[in-house]
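Close look at the chain arrangement
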Amino acid sequence: MRCSIRLAYLLLYNLLQFSGTTWIFANMTARFLFFGRGAQVGTFYSVGVIMSVCQLLSLLELFHIADGIEKGQLFPRFVQVMERNLLLFVVFVGQEEFQSKLIVCVQFYMWNILQLLRYPHNLLCLVGMPSSSTLWARYTLIIPVYVLSVLTEGISIWQALPYFDSGIYSIQLHTGNFRYVLLAYLPLLAIASSVTVGFLLKQRKQQLDIWNKKLKRK
């Protein structure tokens, strides 16, 4: 009974995330096809709410691993979840003037591609129908996409720095300007993401070895 509840919950969670991510990706793509470069102005207003919901839901993945209902390394997942949520809610949501920038659209695309590489494989594994193509996308293709995503996160923060010279964050922080907090965060992001890439490479090797062993048994 416990196993069936766990399976149903994980299926529902991954399906919700996959559906939300697919909707965001399709919405953004349709907007760019119809409006061209001008689509970036309203992209955040079109998909920002669903993006925020999906990113907040991703915090549950940390509890999945900590509670043992999902296998995985906690640290790399923590880095990936927190870096997205910090950038989204501190920079993108916190600075309305920055939301129309092209880098925001690029960042949303990178995040969605990452999720679209993860959730289909997760769903197929949950229903007992793993695929070699989704396995390759989940553990191989995801690594360069993650590296590009981190680079765009750094660019986003760098471009957003002038917007923090004034506003709610500079007023609320009495110890200094919030832009220096973001500047200090950049090297931390680089270090944490480098460690995460190492974990991803190790995870890739482990998963491909398991897959190859299963093929040999057949």
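This one's a predicted model, so the numbers in the text were calculated from it and none came from an experiment.

Each helix and strand in the protein chain was counted, giving 8 helices and 0 strands. Order of helices (α) and strands (β) in the protein chain, N terminus to C terminus: α-α-α-α-α-α-α-α. Its C-alpha atoms give the protein chain principal-axis dimensions of about 60 × 40 × 35 Å. Excluding contacts between residues fewer than 6 apart, the proportion of contacts in the protein chain whose partners are at least 24 apart in sequence is 75%. Total accessible area computed for the protein chain in this model is approximately 11900 Å², and 70% of it derives from carbon and sulfur atoms. Each charge class in the protein chain was averaged separately, 19 positive and 9 negative side chains, and the resulting centres sit 15 Å apart.

This part covers a nonpolar patch on the surface. Nonpolar side chains collect at one region of the surface, where Trp23, Val49, Ile50 and Val53 lie side by side and expose about 360 Å² of accessible area between them. With 3 residues, helix H2 (residues 40-57) is the single largest residue contributor to the nonpolar patch. Tracing the chain through its elements places Val49 in helix H2.

The next subject is the pattern of salt bridges. The tally for this structure, following the rule as stated, stands at 4 salt bridges. Where Arg77 meets Glu61, a salt bridge forms, and the shortest distance between an N and an O atom there is 3.1 Å. Here Arg77 is found in helix H4 (residues 74-92), whereas its partner Glu61 is found in helix H3 (residues 60-67), with 16 residues between them in sequence. Residue classification places Glu61 among the buried positions, given a relative accessible area of 0%. The residue Lys205 makes a salt bridge to Asp209 at a minimum N-O spacing of 3.2 Å. Of this pair, Lys205 and Asp209 both sit in helix H8 (residues 178-217), separated by 4 residues, roughly a single helical turn. For Lys205, a relative accessible area of 53% puts it in the exposed group. Since its relative accessible area comes to 31%, Asp209 is described here as partly exposed. Salt bridges linked by common partners bring Glu61, Glu70, Arg77 and Arg118 together as one network.

Basis of the calculations
- Residues numbered from 1 in each chain as written.
- Predicted model: local features only at pLDDT ≥ 70, side-chain atom pairs only at ≥ 80, totals over all residues.
- Heavy atoms only, no water.
- Helix = DSSP H or I, 4+ residues; strand = E, 2+ residues; numbered from the N terminus.
- Contact = heavy atoms within 4.5 Å.
- Areas by Shrake-Rupley, 256 points an atom, 1.4 Å probe, with all protein chains shown as cover.
- Lys, Arg positive; Asp, Glu negative; His and termini not counted.
- Charge placed at Lys NZ, Arg CZ, Asp CG, Glu CD.
- Patch = residues over 30% accessible without salt bridge, like charges linked within 9 Å, V, L, I, M, F, W, Y side chains within 5 Å.
- Salt bridge = Lys/Arg side-chain N within 4 Å of Asp/Glu carboxyl O.
- Buried < 20%, exposed > 50% of the residue type's maximum accessible area, 1.4 Å probe, protein only.

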